[in-house]
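Inside the fold
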Amino acid sequence: MVVEKTRGRKEEVVTREYTINLHKRLHGCTFKKKAPKAIKEIRKFAQKAMGTNDVRVDVKLNKHIWSRGIRSVPRRIRVRIARKRNDDEDAKEELYSLVTVAEIPAEGLKGLGTKVIDDDDE
């Protein structure tokens, strides 16, 4: 009897939108290390949420974090994390996560939960 192996939850290609509260993650951080630490915390969040060690931060997200300087990092940020297949043959892992900045609604970020994005438009 042949049992067909189903793919695990962490192995499918998916895109989700999250709100990350950077304020609580950077509490007590030295002023001159806030923006670099914010990028590291976003990487850590994406690693945990998507289950991939390879996390790539988009240039626009980096610019958004650094837009108000090294000290004044935004308190909350809305990000879109996409788990994608690695096209390189010599890649260590078959999946990677791409983190981009999502558009912020006019009402603000509070109350927005995690939203799964359909990949029909991409």
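Given the structure is predicted, the values throughout are model-derived calculations rather than measurements.

What about helix H2 (residues 34–50)?
When the terminal C-alpha atoms of H2 are compared, their 24 Å separation across 17 residues agrees well with the 24 Å that a helix rising 1.5 Å per residue should span. Among the structural elements, strand E1 (14–21), helix H1 (22–25), strand E2 (55–57), helix H3 (59–66), strand E3 (76–85) and strand E4 (95–101) are those in contact with the buried residues of H2. Gly51 lies just past H2 and shows a positive phi near 70°.

Comments concerning the packing of H2 against H3
When two helices pack together, their arrangement is given by the angle between the helix axes and the distance between those axes. At a closest axis distance of 9 Å, the pairing of H2 and H3 adopts a crossing angle of 140°. Our classification of the angle between H2 and H3 gives oblique. Between H2 and H3 lies a crossing of right-handed hand. Contacts from Ala35, Pro36, Ala38, Ile39 and Ile42 of H2 reach H3 at Leu61, Asn62, Ile65 and Trp66.

Describing the nonpolar core
In summary, soluble globular proteins display a tendency toward joint burial of nonpolar side chains. Grouped together as the largest cluster of nonpolar side chains are 22 residues, with contacts concentrated most on Leu22, Leu61, Ile65, Val79, Ile81 and Val99. Taken together, the elements giving at least two residues each to this core come down to E1, H2, E2, H3 and E3.

Here is what the cut-offs are and how they apply
Residues numbered from 1 in each chain as written. Predicted model: local features only at pLDDT ≥ 70, side-chain atom pairs only at ≥ 80, totals over all residues. Heavy atoms only, no water. Helix = DSSP H or I, 4+ residues; strand = E, 2+ residues; numbered from the N terminus. Expected span 1.5 Å × (residues − 1). Contact = heavy atoms within 4.5 Å. Axes fitted to C-alpha atoms, helices over the stretch in contact; angles between N-to-C directions. Parallel < 35°, antiparallel > 145°, perpendicular 65-115°, else oblique. Left-handed = near helix turned anticlockwise from the far one by under 90°. Core = buried A, V, L, I, M, F, W, Y, C linked by side-chain atoms within 4.5 Å. Buried < 20%, exposed > 50% of the residue type's maximum accessible area, 1.4 Å probe, protein only.

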